[in-house]
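The primary structure of each chain is shown beneath.
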Amino acid sequence: MTERGKKQLHRMATSFAVGPSSLSHENGAFVIRFAETSLPRPPAQFLPRAIKGTIRLTPSVVNEKTFALDGAKRHHWRPVAPLARIDVELGGAQSLGWTGEGYFDCNWGNEPLENGFVRWDWSRGVSNEGATILYDAQCRDGSQRLLGLNFSKDGNMRTFDPPPRQSLGRGFWGVERYLRCEEGQKPSLVRTLEDGPFYTRSVAKTVLQGEEITMMHESYNGDRFASPVVKLMLPVRMPRRA
């Protein structure tokens, strides 16, 4: 996640490149080729090192619908491939790979993220029917955007009313995490993957529509993201290149 200057951006009809890394659409699959520098992660890794490889995501379902996430329609979201297969190959010193369930979406907006949202929780999991996605956003204008989506394996989408919100507990930096779960049941945190001053990513379990589902879960805090202190910290995690 390195920020680079506009001269290092190249965009074509079926490809997008920033510096040495790229995303392209090839024969029905999304292919990411990356050559970046990883962050130190003590105690296993104390120094940055090169990391490169290829990620190939092959959708089994493609969704064409776009959702506005705020009342002014300045922020939009599209779950492009709610169900997909992913193949990962890492080269160099890592030299490993795996295959599994994949997912691909995109967000875009006409104003800074912190201007539109106080917070949000997003989650996606594989259900017996196909894929289930929740988007629970509190907008800066005081409104709420709550989405419950089911995607079947044959590509059909239907909405449902999500159950009440319950706490998953705070992250190390104090970011609150919430997940929708049926009354009488409790969601549980399986593992925290990323834990920062304004964002967390976790694996969690919940019960939706009578089914226990393991979900990838994200929480974002817009007030934290807007903080000048956090803005100064960002280049540490997202280096900037001219």
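Residues numbered from 1 in each chain as written. Predicted model: local features only at pLDDT ≥ 70, side-chain atom pairs only at ≥ 80, totals over all residues. Heavy atoms only, no water.

Once that is clear, we can look at the overall build of the protein. In terms of helices and strands, the protein carries 3 helices and 17 strands. Here the C-alpha atoms of the protein give a radius of gyration of 19 Å, agreeing with the 18 Å that 2.2 N^0.38 yields for 242 residues. When each of the 242 residues of the protein is scored for burial, the buried share is 41%. Put simply, 46% of the contacts in the protein that link residues at least 6 apart link residues at least 24 apart. For the protein, the exposed area adds up to about 13800 Å²; of that, 53% sits on carbon and sulfur atoms. Of the side-chain charges in the protein, 33 are positive and 26 negative, and the distance between the mean point of each set is 7 Å. (Helix = DSSP H or I, 4+ residues; strand = E, 2+ residues; numbered from the N terminus. Rg over C-alpha atoms; globule rule 2.2 N^0.38 Å. Buried < 20%, exposed > 50% of the residue type's maximum accessible area, 1.4 Å probe, protein only. Contact = heavy atoms within 4.5 Å. Areas by Shrake-Rupley, 256 points an atom, 1.4 Å probe, with all protein chains shown as cover. Lys, Arg positive; Asp, Glu negative; His and termini not counted. Charge placed at Lys NZ, Arg CZ, Asp CG, Glu CD.)

A word on the pairing of strand 3 (residues 21–26). Within a regular strand, the side chains alternate between the two sheet faces. Relative to strand 3, strand 2 (residues 15–18) runs antiparallel, the two sharing 4 bridges. Along strand 3, the bridge assignment pairs F16 with L23. Linking strand 2 back to strand 3 in an antiparallel pair, the connection comprises 2 residues, with G19 at a positive phi of about 60 degrees. As consecutive antiparallel partners, strand 3 and strand 4 (residues 29–38) are separated by 2 residues, and within that stretch N27 has a phi angle of approximately 55 degrees, a positive value. (Pairing = 2+ DSSP bridges.)

All right, on to the environment of W77 then. On the secondary structure map, W77 appears in strand 7 (residues 75–90). Taking the C-alpha atoms as reference points, W77 and I133, 56 residues apart in sequence, are found 12 Å from one another. The contacts of W77, once residues within four sequence positions are left out, are T66, F67, L69, Y103, D105, C106, N107, W122, I133, Y135, L147 and L149.

Attention now goes to the side chain of D136. Among the structural elements, D136 can be located in strand 10 (residues 130–139). Separated by 2.9 Å, the side chains of D136 and R180 make a polar contact. With sequence-adjacent residues up to four places away left out, D136 is seen in contact with R119, W120, D121, Q144, R145, L146, R165 and R180. (Polar contact = N/O pair within 3.5 Å; in protein donor to acceptor, adjacent residues only side chain to side chain.)

This brings us to the side chain of E114. Note on placement: E114 falls in helix 1 (residues 113–116). Contact partners of E114, with chain neighbours within four places excluded, come to R140, Y220, G222, F225, A226 and K231.

Another aspect to go through is the pattern of salt bridges. Applying the stated criterion across every chain yields a total of 13 salt bridges. A salt bridge links R74 to E111; the shortest N-O distance between them is 4.0 Å. Note that R74 is positioned in the loop between strand 6 (67–68) and strand 7 and E111 in the loop between strand 8 (96–109) and helix 1, a separation of 37 residues in sequence. Judged by its relative accessible area of 39%, R74 falls in the partly exposed class. A salt bridge links D121 to R119; the shortest N-O distance between them is 2.1 Å. With respect to class, D121 is no different from R119; both count as buried. (Salt bridge = Lys/Arg side-chain N within 4 Å of Asp/Glu carboxyl O.)

This paragraph deals with the environment of T37. Note that T37 resides in strand 4. Separated by 27 residues in sequence, T37 and E64 place their C-alpha atoms 34 Å apart.

Counting 22 residues, the largest nonpolar core has W77, F117, W120, W122, I133 and Y135 as the members making the most contacts within it. Going through the elements one at a time, strand 7, strand 9 (117–126), strand 10, strand 11 (144–152) and helix 3 (228–237) are the ones with two or more residues in this core. The dominant element in this core, judged by the number of residues it contributes, is strand 10, at 5 residues. Residues within four places of W120 in sequence aside, it is in contact with L113, Y135, D136, A137, E218, S219 and Y220. Judged by nonpolar contacts, the second largest core, of 9 residues, contains L57, V80, V88 and L90. (Core = buried A, V, L, I, M, F, W, Y, C linked by side-chain atoms within 4.5 Å.)

Geometry only, nothing functional implied.
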